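Topology and contacts: notes
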Amino acid sequence: MSAAAQGHIFSHRHLLGIDGLHRLDIEYLLDLADAYADATRRDERPEPALADKTVVNLFFENSTRTLSSFEIAAKRLGADVVSMPVSASSIKKGETLIDTAMTLNAMRPDVIVIRHSASGGVKLLSRKVDCAVVNAGDGAHEHPTQALLDALTIRRRKGSVEGLKITLCGDLSHSRVARSTTLALHLLGAEVRLCAPTTLTPAGVETWGAASMHTDFDEALAGADVVMMLRLQLERMDGGYLPSRREYFRYYGLTEERLALASDDALVMHPGPMNRGVEITSAVADGVRSLITEQVEMGVAVREAVLSVLAGNAA
Amino acid sequence: MKTIWTNARLLDPASGTDAPGGVLVEGGIIIDAGPHLAETPSGADAVQDCDGRCLAPGLVDLRVKTGEPGEEHRETLASASEAAVAGGVTSMVVMPDTNPVIDDVALVEFVMRRGAATARNRVYAAGALTVGLQGEAIAEIGLMQEAGAVFFTNADAPVADPSVMKRALAYAAGRQAVVFAKPEDPALVGSGVMNSGALAARMGLSGMGRDAEWTAASRDLILAEGAGAKLVLDQASTARTVRLVEDAAARGVAAACTVAAHHLYFNELDVGDYLTYCKTSPPFRAEEDRLALVDGVARGAIQAVVSAHDPQPPEEKRLPFAEAAFGAAGLETTLSAMTSLVHNEQLTMLQALRPITCGPADLIGLKAGRLAKGAPADLIVFDPDAPWLCDREKLRSRSTNSPFDGRRLEGRVLKTVVGGEAVYSA
């Protein structure tokens with residue numbers, strides 16, 4: 001445990017976003033996740049913190065990695081897990097979001113993990129249920145467990161996030177990862193630089209805690225300790241926001257040559273899934289500096305920490 | 001029978017009166033009004049003592065939606081009128097975007113007939129500017145006008161094609177018909193749901209840029225200028241829109257604009273935690289825009305304040321913000337919003353009342369909205385200081401999606417009179 005978070009009490013009922021968390025809340029969760037990650041690496045089974053608990057994964061939007069990450073985390077801790085992809089069933093029958101939530105709530109789960117395509121959708125649901133709610137991504141708003149796993153990955157490699165120069169590049173306008181991760185890294189003391197083409201640059205990034213906003217990727221990369229590439233939806237590159245894939249790659253693709261502008265021991269991250277050859281080359285993605293698979297590993301640890309803390313609070 | 005309304009603080013923006021006085025009514029018409037009626041004159045058959053409260057013309061509201069015909073679960077003309085008279089609104093114009101669209105004579109007559117038969121206040125119809133609000137073919141403006149339609153508008157579906165708008169304005173000008181146009185470029189607004197800016201970006205919501213209002217306002221003002229048409233921009237929400245109208249008016253264009261009462265009271269921060277009751281179109285803007293709109297009302301650059309009453313049931317509002325319907329219920333809170341601005345010392349009482357009485361009446365040629373000989377006896381008695389908590393459960397509209405829910409307001413209607421008959425008493 002880091003000294004700072006020792007004895008800290010995580011007092012939130014839900015995890016809806018990084019916004020509203022205190023630095024100590026984040027460090028507390030990271031410390032716990034760190035221990036889970038170590039245990040897994042030692043092939044140890046953690047305490048069954050979720051034994052006799054029911055966790056429902058309610059995903060209104062398709063997801064493979066986040067859903068399986070939550071499933072594995074809950075199962076490792078001994079929970080009964082039900083995963084419900086809702087996009088297909090009830091919404092088509094005209095059942096409203098709130099009706100779905102109330103129906104589920106009546107089945108008395110202990111934690112509901114929700115992904116929804118609308119910003120604020122998870123918060124809306126959280127007001128209608130009695131159990132703890134984890135936001136697994138809501139529209140372009142927040143994706144807090146992604147931010148926590150990014151922070152944990154960096155912290156384990158660099159010892160601390162404090163003072164690091166971290167560059168995030170990609171579709172900032174539509175990215176919930178960019179919002180949550182920027183908020184979290186800023187709270188932990190990093191200098192966060194954001195970079196995007198002007199058509200994908202949101203207003204007011206200083207309110208997210210970003211230190212600077214760049215259009216020129218080379219400038220944003222100079223001396224960076226960590227470079228985090230964001231996924232760019234391919235349909236945004238058909239002339240609507242950006243002229244073409246190749247033009248995007250020319251100015252914003254992370255190549256080995258471009259990575260040389262960052263600090264000598266710079267690390268490379270990506271929340272996945274990647275568009276190889278668009279925002280990142282395979283040489284960089286699979287290179288020695290890449291933490292991309294480690295991010296996935298830390299994702300499970302972070303979700304174990306979040307689920308155990310919230311289930312514990314609810315008990 | 002003559003009835004004297006006396007012992008009142010007489011407020012008549014049309015004549016600039018703010019003094020003790022009274023109003024003499026006979027046969028539903030005002031036959032005399034002024035400070036000389038502060039004392040009960042001889043010859044009155046009945047006396048209504050206002051107990052020193054404010055006596056003013058009833059409100060004239062140029063933008064009301066109900067669900068009648070077609071979506072009566074949202075609101076009927078009758079249920080809207082209950083909210084209206086409780087809010088002091090004695091004349092209201094209903095928008096044509098119902099189901100079916102009010103785009104021919106029979107439907108205009110339907111609205112007027114239903115209004116007369118079921119509503120407690122006066123109901124006027126606005127006709128569709130284009131057939132079915134499709135923005136393609138000009139509707140029967142002349143015939144609908146003869147049937148009683150007071151102005152023509154495409155409501156919340158602004159005409160996208162400038163050539164259609166140009167011809168519609170030219171045609172309306174030839175028939176001396178007034179056109180109301182919401183200044184909004186649909187393509188630029190796109191899928192936006194709240195004011196563009198740092199807050200929308202932070203919340204992960206797509207923005208409705210102010211530029212979408214400015215380009216549409218500029219286009220329509222230029223087209224109205226060429227056509228010689230009388231154009232009212234429906235719900236300005238930014239400082240610059242008001243300036244565009246003022247500039248056009250200075251060039252001699254018959255241009256005016258309205259603002260929704262909620263835009264004088266709220267700004268984008270009120271959307272807060274994805275509060276869908278604060279989701280309106282145009283959206284609540286930045287504080288500097290709100291202040292500029294209040295200033296526009298104060299100096300008369302904005303001729304009318306509307307309620308923009310748009311009843312939406314819970315199933316349309318209890319949704320994620322992006323998916324929820326636009327619109328706010330407002331009939332019952334317009335006067336209180338204005339008197340609250342008087343309390344904040346942002347407006348004088350007459351400045352607050354002008355754009356909800358004679359201002360809108362003059363835009364569409366109604367005799368109502370003033371305490372003048374020959375005007376209809378549509379009156380309100382109100383207490384500008386009465387504090388009240390707006391609780392949506394107690395609102396009279398069938399849908400109570402009010403952004404004022406939970407707000408403390410100052411100023412309440414005590415009595416509403418339409419054509420000399422009391423239709424509401426607190």
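Residues numbered from 1 in each chain as written. Chains lettered and ligands numbered in written order. Predicted model: local features only at pLDDT ≥ 70, side-chain atom pairs only at ≥ 80, totals over all residues. Heavy atoms only, no water.

1. Some details on the packing of aromatic side chains
Residues and elements named next belong to chain B. Tallied over the entire structure, the rule returns six aromatic pairs over all chains. When the centroid spacing of 3.7 Å and the interplanar angle of 15° are considered together, the rings of Phe-151 and Phe-180 count as stacked. Of the two residues, Phe-151 sits in the loop between helix H3 (141-147) and strand E10 (152-153) while Phe-180 sits in strand E11 (residues 178-181), which places them 29 residues apart along the sequence. For the ring pair Phe-266 and Phe-404, a centre distance of 4.8 Å and an interplane angle of 55° mean the geometry is tilted. Of this pair, Phe-266 sits in the loop between helix H9 (261-265) and helix H10 (287-298) while Phe-404 is found in the loop between strand E17 (379-389) and strand E18 (408-418), placing the two residues 138 residues apart along the sequence. An identical accessibility class is assigned to Phe-266 and Phe-404; each is buried. What links up through ring pairs into an aromatic cluster is the set Tyr-265, Phe-266, Phe-284 and Phe-404. The ring of Trp-214 carries the charged tip of Arg-240 above its face, separated from the ring centre by 4.5 Å. Over the aromatic face of Phe-326 sits the side chain of Lys-279, whose NZ or CZ is 4.6 Å from the ring centroid. (Phe/Tyr/Trp six-rings, centres within 6.5 Å; stacked < 30°, edge-to-face > 60°. Helix = DSSP H or I, 4+ residues; strand = E, 2+ residues; numbered from the N terminus. Buried < 20%, exposed > 50% of the residue type's maximum accessible area, 1.4 Å probe, protein only. Lys NZ or Arg CZ within 6 Å of the ring centre and 35° of its normal.)

2. Looking at the environment of Met237(A)
Residue and element names in this part refer to chain A. With respect to the secondary-structure elements, Met-237 resides in the loop between strand E8 (226-229) and helix H8 (245-252). What makes Met-237 buried here is its relative accessible area of 5%. A C-alpha to C-alpha distance of 35 Å links Met-237 and Val-133, two positions 104 residues apart in sequence. If near-sequence neighbours (up to four positions away) are discounted, Met-237 is found in contact with Leu-232, Leu-242, Pro-243, Ser-244, Arg-245, Tyr-248 and Val-278. (Contact = heavy atoms within 4.5 Å.)

3. Considering the state of the cysteines
Evaluation of the coordinates by the stated rule reveals zero disulfides over all chains. Not engaged in a disulfide, the cysteine Cys169(A) finds its nearest cysteine sulfur in Cys195(A); these two sulfurs lie 4.0 Å apart. We note that Cys257(B) lacks a disulfide partner, and the nearest cysteine sulfur, in Cys358(B), lies 15 Å from it. (Disulfide = S-S within 2.5 Å.)

4. Considerations on the pairing of strand E2 (residues 17-26) of chain B
Residue and element names in this part refer to chain B. Direction of pairing for strand E1 (residues 2-12) relative to E2: antiparallel, over a ladder of nine bridges. Considered in E2, the bridge of Trp-5 is made with Val-23. What sits between E1 and E2 in their antiparallel hairpin is a turn of four residues, with Gly-16 showing a positive phi close to 75°. Direction of pairing for E2 relative to strand E3 (residues 29-34): antiparallel, over a ladder of five bridges. Note on E3: the bridge partner recorded for Leu-24 is Asp-32. Here E2 folds back onto E3 in antiparallel fashion, the turn holding two residues, of which Gly-27 has a positive phi close to 60°. (Pairing = 2+ DSSP bridges.)

5. Details of the interface of chain A and chain B
Quoted interface sizes are often the accessible area lost when the parts come together. The interface of chain A with chain B comprises 21 residues on the first partner and 14 residues on the second. Summed over both sides, the interface between chain A and chain B buries roughly 1400 Å², with carbon and sulfur atoms accounting for 55% of that surface. Between the two partners, chain A and chain B, sit three salt bridges. The shortest N-O distance in the salt bridge between Arg127(A) and Asp273(B) comes to 3.6 Å. Applying the counting rule to chain A against chain B returns seven residue pairs in polar contact (both at pLDDT 80 or more). Elements that contribute at least two residues to the side of chain A that touches chain B include exactly helix H3 (97-106), helix H4 (121-126) and helix H6 (176-187) of chain A. (Buried area = accessible area lost by both parts, 1.4 Å probe. Salt bridge = Lys/Arg side-chain N within 4 Å of Asp/Glu carboxyl O. Polar contact = N/O pair within 3.5 Å; in protein donor to acceptor, adjacent residues only side chain to side chain.)

6. Side note on the nonpolar core
In summary, soluble globular proteins display a tendency toward joint burial of nonpolar side chains. Ranked by internal contacts, the top residues of the largest apolar core, which has 95 residues, are Leu264(B), Met338(B) and Phe382(B). Apart from the residues lying within four places of it in its own chain, the contact partners of Leu264(B) are Val259(B), Arg290(B), Leu293(B), Val294(B), Val297(B), Val305(B), Met338(B) and Leu341(B). Core analysis: the second largest hydrophobic core is formed by 66 residues, Leu15(A), Ala178(A), Ala196(A) and Met228(A) among them. (Core = buried A, V, L, I, M, F, W, Y, C linked by side-chain atoms within 4.5 Å.)

7. Some remarks on helix H4 (residues 162-174) of chain B
Residue and element names in this part refer to chain B. Under the 1.5 Å per step criterion, the end-to-end length of H4 is 18 Å for 13 residues, consistent within 8% with the ideal 18 Å. Among the residues making up H4, those that are buried are Val-164, Met-165, Ala-168, Leu-169, Ala-172 and Ala-173. Taken around the axis of H4, the buried residues stretch over an arc of 165°, which confines them to a single face. Residues of H4 that are buried sit in contact with H3, E11, helix H7 (210-227) and strand E14 (230-233). Backbone geometry just after H4 places Gln-176 at a positive phi near 50°. (Expected span 1.5 Å × (residues − 1). Arc of directions from axis to C-beta.)

8. With respect to the environment of Thr64(A)
Of note, Thr64(A) is situated in the loop between strand E1 (54-59) and helix H2 (65-76). For the pair Thr64(A) and Met237(A), spaced 173 residues apart in the sequence, the C-alpha separation amounts to 24 Å.

9. Regarding the sheet that holds strand E6 (residues 59-64) of chain B
Residue and element names in this part refer to chain B. In spatial order, the strands read E6-E7-E8; together these three strands make up an open sheet with parallel pairing. With one partner strand each, in any of the chains shown, E6 and strand E8 (122-125) form the two edges of the open sheet. With direction set aside, neighbouring strand axes in the sheet form an average angle of 20°. (Axes fitted to C-alpha atoms, helices over the stretch in contact; angles between N-to-C directions.)

10. A few points about the pattern of salt bridges
As a working rule, side chains carrying opposite charge can pair if their charged atoms are close by. Under the definition given, this model contains 43 salt bridges over all chains. Among the ionic pairs, Asp218(A) bridges to Arg258(A), the shortest N-O distance being 2.8 Å. Here Arg258(A) lies in helix H9 (residues 256-259) and Asp218(A) lies in helix H7 (residues 217-221), a separation of 40 residues in the sequence. Arg299(B) is paired through a salt bridge with Glu246(B); the nearest N and O atoms lie 2.4 Å apart. With Arg299(B) in the loop between H10 and strand E16 (304-306) and Glu246(B) in helix H8 (residues 239-250), this pair connects stretches of sequence that are 53 residues apart. For Arg299(B), a relative accessible area of 43% gives the class partly exposed. It is possible to trace a salt-bridge network through shared partners that takes in Arg63(B), Lys65(B), Asp97(B), Asp156(B), Lys182(B), Glu184(B) and Asp234(B).

11. Side note on unusual backbone geometry
All names here are of chain B. For the peptide bond that leads from Asn-99 to Pro-100, omega is 0°, which places it in the cis range. Its place among the elements puts Pro-100 in the loop between strand E7 (89-94) and helix H2 (105-118). Note that the residue after Ser-281, namely Pro-282, is joined by a cis bond; omega there is 0°. One non-glycine residue, Gln-235, lies in the positive phi region at around 70°. For Gln-235, the location among the structural elements is in the loop between E14 and H8. Looking at Gln-235, the relative accessible area reads 2%, which means it is buried. Look at Glu-345: it is not a glycine, yet its phi comes out positive at around 60°. Positionally, Glu-345 belongs in the loop between helix H12 (334-343) and helix H13 (349-353).

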